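Topology and contacts: notes
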Amino acid sequence: MSAKSQRREWLTFLLFAGPNLIMFGLFTYWPILYSAYLSLTDWNLIAATPVFVGIKNYADLATDPETWRVTGNTIIYAVCVVVSAQIIAFALALLLHRPIPGRTLFRTLAFTPYVTTTAAAALAWVLLLDPRLGPLSTIYGLLGVEGPDLLRSGTGSLVAIIVVGSWKEIGIATIFFLAGLQTIDRSLHESASLEGAGSWAQTRFITIPLMTPVIFFLALSGFIAALKTFESVYMMTEGGPVYPDSSTYVFHLYKTGFRDFRAGLASALAVLFFALTVLMTAAQFRFARLWVHYE
Amino acid sequence: MNQHRFIRLAGLLLIVSVLTLPFYWMVVTALQPPGALVTGAHAWWPSEMHWANFSDAWNAAPFGQFFVNSAATGVAATTIQVLGAILMAYAFAVIQFPAKSVIVIAVIATMAVPEEAKLVPNFLLMRDFEWIDSYWALIVPPAAHAFPVFVLYQWFRTIPTSMRDAARADGAGHWRTLWLIYVPMSRPAIAAVVVIAFLGRWNDFLWPLIVTNTAEMRTLPIGLAYLRGLEETGNQWPVLMAGSLLVILPVLLLYAVAQRQFVEGITRGAIKG
């Protein structure tokens, strides 16, 4: 290639990729760097300039029980959502795997929560979980018991958020399990049947072991997604009934930055969050590669 | 055998009924007359079909404006995001540039950066640009997204180079090769990326929450929170559920029409490492 045509090639590259590169620089790379700087300052967003305070924000976070509480809540939330959604999704996938009337419709319906606007769904769940209104009132009425008011109880409010998270996650997990089940060689089940293995034994000793890569992959990606939970907290509990009973990490970040106007502290929370999610995503990508090799 | 099948069907019905109960409940509640005692057996079916809740929700908050905001900024951001991604993915897959692989990795790696971690600086950027409470803030920053670049880059790399060479022999440059060969051959991937981008914009909550502050600029999900905060509608469940349905109906319609693209786009983004 001549020098002239090579210059032309490079120029075309810049014309094609340039606009997006500027956007990534401005709205992704710059914010990461600026966050790191802001995390070392004290700033209420109004004063003319941030005041440099060194690692004080990180020290404050480490000694503030609220930080630990929201981090704990978020981990409990993520683990509960991932585990409950996977169990239900696995059952659903096993039921949907073989031909059954209405299979496509069932699959479509199970996936619908995943695409539904979380803010709207969370509002509906406030009603659904109310012990005096909604379907629970009927069930409690039939049983003749006074049901718990989840959203007004400390632990209950976190449970309510978990229910919504799990509800949204089941559909996507089902899709992945179904795809995984399709890759299992049928002859394995056939020979197991000949050996006299029942359907439970086959699930336990053939299906589940062969699905472990899918389970690990979903656990990791579901966990990362769960760490980002915000809307359901905002719409359902605002972190209450007594803050931070049901607050999550991202809600706490939002509150610190945009309600308490502590930009430096919020940036320190953001930097730690960034580090954690990047590490987990790197692990996920490594694992995805392993998974592809498995087959 | 038949008994087995019956048990499976019963299990499916049970799980799927629970999963779809919230939708049923939204519809039933949205049709209840205002102030009805929505409790016990009364709650399962409306005592009369009270369609006025939808117009009440529409009128209590500037829902028409929310709709326009969500639709306009959603379409604009999706267009910019996908056009930018098509150009960038082509440059990455086809055009030569020094140290290209470093640039490719630097862009794809941003998929791991959570939006939540960039909130404060991007808000400050919007303030410096004087874009707070404007369409610019809702359209431009979300348009820089690595996911569609990643999906289209993967797809473009599977297109055989012989296609490109043939186009070049006919005298086509990169611009024409992209639009006459690469884009037409990538329709499924582009459709998936468009659907996912629009869904992401429509459902987004945190970003529009912090960069808009007047009712005129709010998008639908934030508008719903606004409807709930209003004194006259805040505890009117029929009106709130009618409002919720107005927010999710467009998404559900899009999902019904483009289900394959949704599933394709979401799973594609999640797997390939």
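Residues numbered from 1 in each chain as written. Chains lettered and ligands numbered in written order. Predicted model: local features only at pLDDT ≥ 70, side-chain atom pairs only at ≥ 80, totals over all residues.

1. Observations regarding the overall build of chain A
Scanning chain A from terminus to terminus reveals twelve helices and two strands. Ordered by position in the sequence, the α and β elements of chain A form the string α-β-β-α-α-α-α-α-α-α-α-α-α-α. Its C-alpha atoms give chain A principal-axis dimensions of roughly 75 × 75 × 30 Å. Split into buried and exposed, the 295 residues of chain A put 42% on the buried side. (Helix = DSSP H or I, 4+ residues; strand = E, 2+ residues; numbered from the N terminus. Buried ≥ 20, exposed ≤ 12 C-beta atoms within 10 Å, placed from the backbone.)

2. Describing the overall build of chain B
When its secondary structure is counted, chain B shows 14 helices and zero strands. Counting from the amino terminus, chain B carries its helices and strands in the arrangement α-α-α-α-α-α-α-α-α-α-α-α-α-α. A total of 273 residues make up chain B; the buried ones form 45% of that total. Sequence separation of at least 24 residues holds for 76% of the intrachain contacts in chain B that already meet a minimum separation of 6. (Contact = placed C-beta atoms within 7 Å.)

3. Looking at the packing of helix 3 (residues 65-97) of chain A against helix 7 (residues 154-182) of chain A
All names here are of chain A. At their nearest, the axes of helix 3 and helix 7 sit 6 Å apart, and the two run at 40° to each other. It follows from the interaxial angle that helix 3 and helix 7 lie oblique. Along this stretch, helix 3 crosses helix 7, giving a crossing that reads as right-handed. Considered class by class, the residues forming the contact of helix 3 with helix 7 number 19 nonpolar, seven polar and one charged. (Axes fitted to C-alpha atoms, helices over the stretch in contact; angles between N-to-C directions. Parallel < 35°, antiparallel > 145°, perpendicular 65-115°, else oblique. Left-handed = near helix turned anticlockwise from the far one by under 90°. Nonpolar A, V, L, I, M, F, W, Y, C, P; charged D, E, K, R; others polar.)

4. A look at the interface of chain A and chain B
Listed per partner, the contact involves 78 residues of chain A and 72 residues of chain B. Among the elements that take part in the side of chain A that touches chain B, helix 1 (residues 3-38) of chain A stands out by supplying 18 residues, more than any other.

5. Considerations on the packing of helix 12 (residues 220-229) of chain B against helix 13 (residues 237-257) of chain B
Working note: a packed helix pair is described by the angle between its axes plus the distance between those axes. All names here are of chain B. Where helix 12 contacts helix 13, the axes come no closer than 10 Å and their chain directions differ by 175°. Taken together, the axes of helix 12 and helix 13 are roughly antiparallel relative to one another. Taken together, the residues of helix 13 that come into contact with helix 12 (itself represented by Leu220, Pro221, Leu224, Leu227 and Arg228) are Leu240, Gly243, Ser244 and Val247. Taken together, the residues of the contact of helix 12 with helix 13 sort by class into six nonpolar, two polar and one charged.

6. Some points on unusual backbone geometry
Residues A:Gly240 and A:Pro241 are joined by a peptide bond in cis, for which omega reads 15°. Mapped onto the elements, A:Pro241 comes out in the loop between helix 10 (231-236) and helix 11 (249-258). Of note, the amide linkage connecting A:Tyr243 to A:Pro244 takes the cis form, showing an omega dihedral of 0°. Positive phi, close to 55°, is recorded for B:Ala99, a residue that is not glycine. Within the secondary structure layout, B:Ala99 lies in the loop between helix 3 (63-93) and helix 4 (100-108). Even without being a glycine, B:Glu130 presents a positive backbone phi close to 55°. Along the chain, the position of B:Glu130 falls in the loop between helix 5 (119-128) and helix 6 (135-143).

7. Remarks on the confidence of the model for chain B
Looking at chain B as a whole, the pLDDT averages 88, with 95% of positions reaching at least 70. Predicted as a complex, the structure gets a pTM of 0.91 and an ipTM equal to 0.90. (pLDDT = per-residue confidence, 0-100.)

8. Overview of the nonpolar core
Residues A:Ala124, A:Ala270, B:Ala89, B:Leu152 and B:Val193 are the most contacted members of the largest nonpolar core, which totals 155 residues. Leave out the neighbours within four places in its chain, and A:Ala270 touches A:Ser35, A:Leu253, B:Ala117, B:Leu119 and B:Val120. (Core = buried A, V, L, I, M, F, W, Y, C linked by C-beta atoms within 7 Å.)

9. As for the environment of B:Met241
Following the sequence through the fold, B:Met241 ends up in helix 13. Since 26 C-beta atoms lie within 10 Å of it, B:Met241 is described here as buried. Note: C-alpha distance between B:Met241 and B:Val28 (213 residues apart in sequence) is 8.8 Å. Residue contacts for B:Met241: discarding those within four places in its chain leaves A:Ala124, B:Met26, B:Thr29 and B:Ala30.

10. Structural notes on the environment of B:Ile139
Residues and elements named next belong to chain B. Tracing the sequence through the fold places Ile139 in helix 6. Ile139 sits in the buried class, given 21 other C-beta atoms within 10 Å. C-alpha of Ile139 to C-alpha of Gln81: the two residues are 58 residues apart in sequence and 9.3 Å apart in space. When near neighbours in sequence (up to four residues on either side) are disregarded, Ile139 contacts Thr73, Ala76, Ala77 and Ile80.

11. Thoughts on the environment of A:Gly171
Residue and element names in this part refer to chain A. If you trace the backbone, Gly171 turns up in helix 7. C-alpha of Gly171 to C-alpha of Ala85: the two residues are 86 residues apart in sequence and 8.6 Å apart in space. In this view, Gly171 contacts Ala110, Phe111, Thr112, Pro113 and Tyr114; residues no more than four positions away in its chain are not counted.

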